[in-house]
Amino acid sequence: MAKAKYGFDYSLDFNNIDFRKQPELYRMGKGELGVLLVEPYKSELLPHWRFRTPEIAQASAEKLLALFFSTAMP
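Residues numbered from 1 in each chain as written. Predicted model: local features only at pLDDT ≥ 70, side-chain atom pairs only at ≥ 80, totals over all residues. Heavy atoms only, no water.

Student: Got a minute to help me understand the packing of aromatic side chains in this structure?
Tutor: Two descriptors summarise a pair of aromatic rings, namely the distance from one centre to the other and the angle between the planes of the rings. Per the stated rule, a full pass over the model turns up 1 aromatic pair. Each ring, one from Phe68 and one from Phe69, has its centre 5.2 Å from the other, and the planes form 70°; the classification is edge-to-face. (Phe/Tyr/Trp six-rings, centres within 6.5 Å; stacked < 30°, edge-to-face > 60°.)

Okay, here's the thing in structure tokens:
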């Protein structure tokens, strides 16, 4: 499969790739476009991604930040 040298590679088979197990396949896109299409990010982050109101967005941001710090490497 083709790898994008720069930017997110939309040609990858997102349904069958776990980017935590194969992080070398992930390419950052402009503004992180595509990150919520891939596992494990889709199932771990997307349920908490909310922004309808400032209050909902604040709660969402706090949850996402907590998830980041709980999985970040020391």
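Student: Teacher, can you tell me more about the environment of Pro47 here?
Tutor: With respect to the secondary-structure elements, Pro47 resides in the loop between helix H1 (41-45) and helix H2 (54-71). The class of Pro47 is partly exposed, set by a relative accessible area of 44%. Sequence spacing of Pro47 and Ser60 is 13 residues, and the spatial spacing of their C-alpha atoms is 9.4 Å. (Helix = DSSP H or I, 4+ residues; strand = E, 2+ residues; numbered from the N terminus. Buried < 20%, exposed > 50% of the residue type's maximum accessible area, 1.4 Å probe, protein only.)

Function-wise, these values are silent; they only describe arrangement.
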